[in-house]
Amino acid sequence: MSSAVQFPLVIGWIAMLAGGIAFWRMSKGLPENQKHHGIAAMTIVFVAFANYLAMALGQGDMIHNGRDVFFARYIDWVITTPILLVSLAMVASKTLAPIRTLVCALIAADIYMIVTGLVGNLSESPYNYLWWLVSMVAFLVVLALIWGPLQKVAGQGAYRSEFSTLSLMLTVLWCCYPIVWLLGTSGAGLFSAAVESWFYLILDVTAKVGFGFVALNAVRKRS
């Protein structure tokens, strides 16, 4: 791994660790019945911290089909993105029990999206593009569930505006990931692994640390 690729990975684990410490401090000021928001935010960034640290140490990638595949990214995403969706659902609804079927559907579609994306990354052309399309179908299902039934639930709760902000934030950021995948080393190869690492770093920090700050600040203001 070149230093140009490694440097953004080092920045990544530092940013995630700092975010986790900040969320721990923010969570201390939450009432007991809102602590679960803090636990979700901390879990997301600490999982990301571990995966970025592994990649920075050269333990989260492998050479496959002549390319460096960062499998740790997919381990990160398959754990953290479902928790992000649960966190969004916790903003939409005071309790998850009434919407457990919807939450399960969101998680299932999300995991399917990540796993098929990994299969695409491990595939040679043109099969990588085929799996990218399959993953995108699952992604559209996730978006449909967020902006359809979950938004309807949020419209009946106390965090309507906060849900809209977080949903828009998540949608815009998550739409960027498949574009980076398609244009980067997993797809067309229009930019280098170093540039790709910077793109993923910016998206990960914003989608995890940024999302957590917005969510926790919203809960703190309403508590």
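Scroll up to find the structure.
Residues numbered from 1 in each chain as written. Predicted model: local features only at pLDDT ≥ 70, side-chain atom pairs only at ≥ 80, totals over all residues. Heavy atoms only, no water.

A. Local environment of the overall build of the protein chain. Secondary structure assignment for the protein chain yields seven helices and two strands. Ordered by position from the N terminus, the helices and strands of the protein chain form the series α-α-β-β-α-α-α-α-α. What you see for the protein chain is a C-alpha radius of gyration of 17 Å, in line with the 17 Å of a compact globule of 223 residues. Taken across its 223 residues, the protein chain has 49% of its residues classed as buried. Counting contacts in the protein chain only where the partners sit at least 6 residues apart, residues at least 24 apart contribute 74% of the total. Carbon and sulfur atoms provide 70% of the accessible area of the protein chain, an area that totals close to 10200 Å². Each charge class in the protein chain was averaged separately, 13 positive and 9 negative side chains, and the resulting centres sit 18 Å apart. (Helix = DSSP H or I, 4+ residues; strand = E, 2+ residues; numbered from the N terminus. Rg over C-alpha atoms; globule rule 2.2 N^0.38 Å. Buried < 20%, exposed > 50% of the residue type's maximum accessible area, 1.4 Å probe, protein only. Contact = heavy atoms within 4.5 Å. Areas by Shrake-Rupley, 256 points an atom, 1.4 Å probe, with all protein chains shown as cover. Lys, Arg positive; Asp, Glu negative; His and termini not counted. Charge placed at Lys NZ, Arg CZ, Asp CG, Glu CD.)

B. Representation of the pattern of salt bridges. In this structure the tally under the stated criterion is two salt bridges. The shortest N-O distance in the salt bridge between D204 and K208 comes to 3.2 Å. Of this pair, D204 and K208 are both found in helix α7 (residues 193-222), four residues apart, which corresponds to roughly one turn of the helix. Residue D204 is classed as buried on the basis of its relative accessible area of 1%. Classification of K208 as buried rests on a relative accessible area of 3%. One connected set of salt bridges, linked through shared partners, spans D76, D204 and K208. (Salt bridge = Lys/Arg side-chain N within 4 Å of Asp/Glu carboxyl O.)

C. Up close: a nonpolar patch on the surface. A contiguous nonpolar surface patch, about 280 Å² in accessible area, is contributed by F7, I11 and W198. Note that W198 resides in helix α7. Note on W198: relative accessible area 35%, which makes it partly exposed. (Patch = residues over 30% accessible without salt bridge, like charges linked within 9 Å, V, L, I, M, F, W, Y side chains within 5 Å.)

D. Here's a closer look at the packing of aromatic side chains. On inspection of all chains with the given rule, the structure shows eight aromatic pairs. For the pair Y177 and Y200, a centre-to-centre distance of 6.1 Å together with 25 degrees between the ring planes defines the contact as stacked. Separated by 23 residues along the polypeptide, Y177 in helix α6 (residues 160-183) and Y200 in helix α7 bring together distant segments of the chain. Exposure remark for Y177: the relative accessible area of 12% places this residue in the buried category. An aromatic cluster of three or more residues is present, and its members are Y74, W77, Y177 and Y200. Positioned over the ring face of F70 is R73, at 4.8 Å from the centre of the ring. (Phe/Tyr/Trp six-rings, centres within 6.5 Å; stacked < 30°, edge-to-face > 60°. Lys NZ or Arg CZ within 6 Å of the ring centre and 35° of its normal.)

E. Structural view of the packing of helix α3 (residues 71-92) against helix α5 (residues 127-154). Packing of α3 against α5 brings their axes to within 9 Å, and their N-to-C directions diverge by 25 degrees. By the angle class used here, α3 and α5 are roughly parallel. Here L85, L88, A89 and A92 of α3 lie close against α5, whose contacting residues are V142, I146, L150, V153 and A154. By residue class, the composition of the contact of α3 with α5 is nine nonpolar, no polar and no charged. (Axes fitted to C-alpha atoms, helices over the stretch in contact; angles between N-to-C directions. Parallel < 35°, antiparallel > 145°, perpendicular 65-115°, else oblique. Nonpolar A, V, L, I, M, F, W, Y, C, P; charged D, E, K, R; others polar.)

F. The arrangement of the nonpolar core in detail. If you look at the biggest cluster of nonpolar residues, it comprises 62 residues, and the most contacted ones within it are F23, L88, L150, F163, W174 and F211. Mapped onto this core, the elements with two or more residues apiece are α1 (3-27), α2 (35-56), α3, α4 (100-121), α5, α6 and α7. When neighbours within four sequence positions are excluded, F23 is seen to be in contact with A41, M42, V45, K208, V209, G212, F213 and L216. (Core = buried A, V, L, I, M, F, W, Y, C linked by side-chain atoms within 4.5 Å.)

G. Structural view of α5. For α5, which comprises 28 residues, the first-to-last C-alpha distance of 39 Å matches the rise-based estimate of 40 Å (1.5 Å per residue) to within 8%. Its maximal kink placed at L145, α5 deviates by approximately 30 degrees, while the proline P149 follows within four residues. Buried positions along α5 lie against α3, α4 and α6. (Expected span 1.5 Å × (residues − 1). Bend = angle between axes of the 7 residues up to and from the residue.)

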